Amino acid sequence: LNFLNCAADKSGGGVHLHGGAAVMEGAHVTFTNCTAKNHGGGLHAEAAVQQERGSITFRNCSAQKGGGLYAFEVRQDSGAMNFERCNAEIQGGGLWSGHGGWSQDGGSLSFNDCFAKETAGGAYSRVGANLTHAEFEECYADGTGAALFL
């Protein structure tokens, strides 16, 4: 499933999930050149995003918060989640996670060349994170947390 050159005047440049959790089981999803003026350039989820196997890639996505992904909660059980050249005007160049938290029980997570003008070039988590295998490469922020802000 590919989302290419998508844009939203509000949130969810590629997809805006209103309501229940999004469980991505074995899916291969790519968001490329997706933008939103508010939150979640590629994907905005008002509830949890849970990945089980498969891959999710956000490439060249941008928004105010969560350039690639903006979600209340992010859970990764297995699979690959990649953020490449994503950016945010405020927080979370690649990913922004809210009060539900952010946990990684397996799989791989990578942030490459992501940027935020204020906080968290790679990823921002409002209540912390439990990460097992995450890589941040060449991420930066004009403010604090070049790669990660918890």
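Structure first, text after, so check above.
First, a word on what this report is: a plain description of the structure on this page. Please read all numbers here as calculations on a predicted model, not as lab measurements.

What counts and how
- All chains use their own residue numbering, which begins from 1 and follows the written sequence.
- Residue-level local features of this predicted model are given only where pLDDT is at least 70; pairs of side-chain atoms are given and counted only at 80 or more, and the full residue set underlies all totals for whole chains, interfaces and linings.
- Hydrogen atoms and water are omitted, and side-chain values are computed over all heavy atoms in the structure.
- Strands are runs of DSSP state E lasting at least two residues, helices are runs of H or I lasting at least four, and both sets are numbered from the N terminus onward.
- Throughout, exposure labels follow a simple rule: accessible area from a 1.4 Å probe, protein chains only, divided by the maximum for the residue type, with under 20% read as buried, over 50% as exposed, and the rest as partly exposed.
- In this description, accessible areas are obtained by the Shrake-Rupley approach with a 1.4 Å probe, and a residue is regarded as covered only by the protein chains that are shown.
- In summary, the charge assignment counts Lys and Arg as positive and Asp and Glu as negative, without counting His or the chain termini.
- Positions of charges follow a simple convention, taking NZ of Lys, CZ of Arg, CG of Asp or CD of Glu.
- Among the buried residues, those of types Ala, Val, Leu, Ile, Met, Phe, Trp, Tyr and Cys that are joined through side-chain atoms within 4.5 Å form a nonpolar core.
- Note on contacts: a residue pair is in contact if any heavy atoms of the two residues lie within 4.5 Å.
- Whether two strands pair depends on DSSP finding at least two bridges between them.
- In summary, the pairing rule links any two rings of Phe, Tyr or Trp, Trp by its six-membered ring, whose centres are within 6.5 Å, and it sorts them by plane angle into stacked for under 30 degrees, edge-to-face for over 60 and tilted for everything else.
- To get an axis, fit a line to the C-alpha atoms, keeping to the stretch in contact for a helix; angles then go from 0 to 180 degrees between the N-to-C directions.

Here the focus is the overall build of the protein chain. Helix and strand counts for the protein chain come out as zero helices and 20 strands. When its C-alpha atoms are laid out on the principal axes, the protein chain stretches across 35 × 35 × 25 Å. Looking at the protein chain residue by residue over its 150 residues, the buried ones come to 51%. As displayed, the protein chain offers around 6,300 Å² of accessible surface, 46% of which is attributable to carbon and sulfur atoms. Counting 9 positive and 15 negative side-chain charges, the protein chain places the averaged centre of each group 7 Å from the other.

Turning next to the nonpolar core. In terms of nonpolar packing, the biggest core is built from 25 residues, with Phe31, Phe58, Leu69, Met81, Phe83, Leu95 and Phe111 touching the most fellow members. Looking at this core, the elements that each hand over two or more residues are strand 5 (28–32), strand 7 (43–52), strand 8 (55–59), strand 10 (69–76), strand 11 (80–84), strand 13 (95–104) and strand 14 (108–112). Filtering out sequence-adjacent residues up to four positions away, Met81 remains in contact with Gln51, Ile56, Leu69, Val74, Gln76, Leu95, Ser108, Leu109 and Ser110.

Consecutive side chains of a regular strand alternate in pointing toward one face of the sheet and then the other. With four of five residues buried, strand 8 lies mostly within the body of the structure. Looking at chain direction, strand 5 and strand 8 are connected through five bridges and run parallel. In the sheet register, Thr32 faces strand 8, and the bridge partner there is Arg59. Where strand 8 and strand 11 come together, five bridges link them in parallel fashion. Counterpart to Ser55 in the pairing with strand 11 is Ala80.

As enumerated under the stated definition, the model contains 10 aromatic pairs in all. Seen from their ring centres, Phe58 and Phe83 are 4.9 Å apart, and the 10° between their planes marks the pair as stacked. One end of the pair, Phe58, is in strand 8; the other, Phe83, is in strand 11, with 25 residues separating them in the sequence. Note on accessibility: Phe58 and Phe83 belong to one class, buried. Look at Phe83 and Phe111: their rings are 4.6 Å apart centre to centre, the planes differ by 5°, and that puts the pair in the stacked class. Of this pair, Phe83 sits in strand 11 while Phe111 is found in strand 14, placing the two residues 28 residues apart along the sequence. Take Phe83 and Phe111: they sit in the same class, and that class is buried. By way of ring pairs, the aromatic residues Phe3, Phe31, Phe58, Phe83, Trp102, Phe111 and Phe136 are connected into one cluster.

Attention now moves to the side chain of Thr30. The residue Thr30 is located in strand 5 in this model. We classify Thr30 as buried; its relative accessible area is 17%. The residues touching Thr30, leaving out its near neighbours within four places in the chain, are Leu1, Asn2, Phe3, Thr57 and Arg59.

Secondary-structure assignment places Cys61 in the loop between strand 8 and strand 9 (62–65). With relative accessibility at 0%, the residue Cys61 sits in the buried group. The spatial distance from the C-alpha of Cys61 to the C-alpha of Ala22 is 20 Å, given a sequence separation of 39 residues. What Cys61 contacts, discounting residues up to four positions off in sequence, is Phe31, Thr32, Asn33, Cys34, Gly41, Gly42, Gly67, Gly68, Arg85, Cys86 and Asn87.

Spatially, the six strands line up as an open sheet ordered 1-5-8-11-14-18, and their pairing is parallel. This sheet does not close on itself; its edge strands, each paired only once, are strand 1 (2–4) and strand 18 (134–137). Averaged over all neighbouring strand pairs, the angle between strand axes comes to 5°, with direction disregarded.

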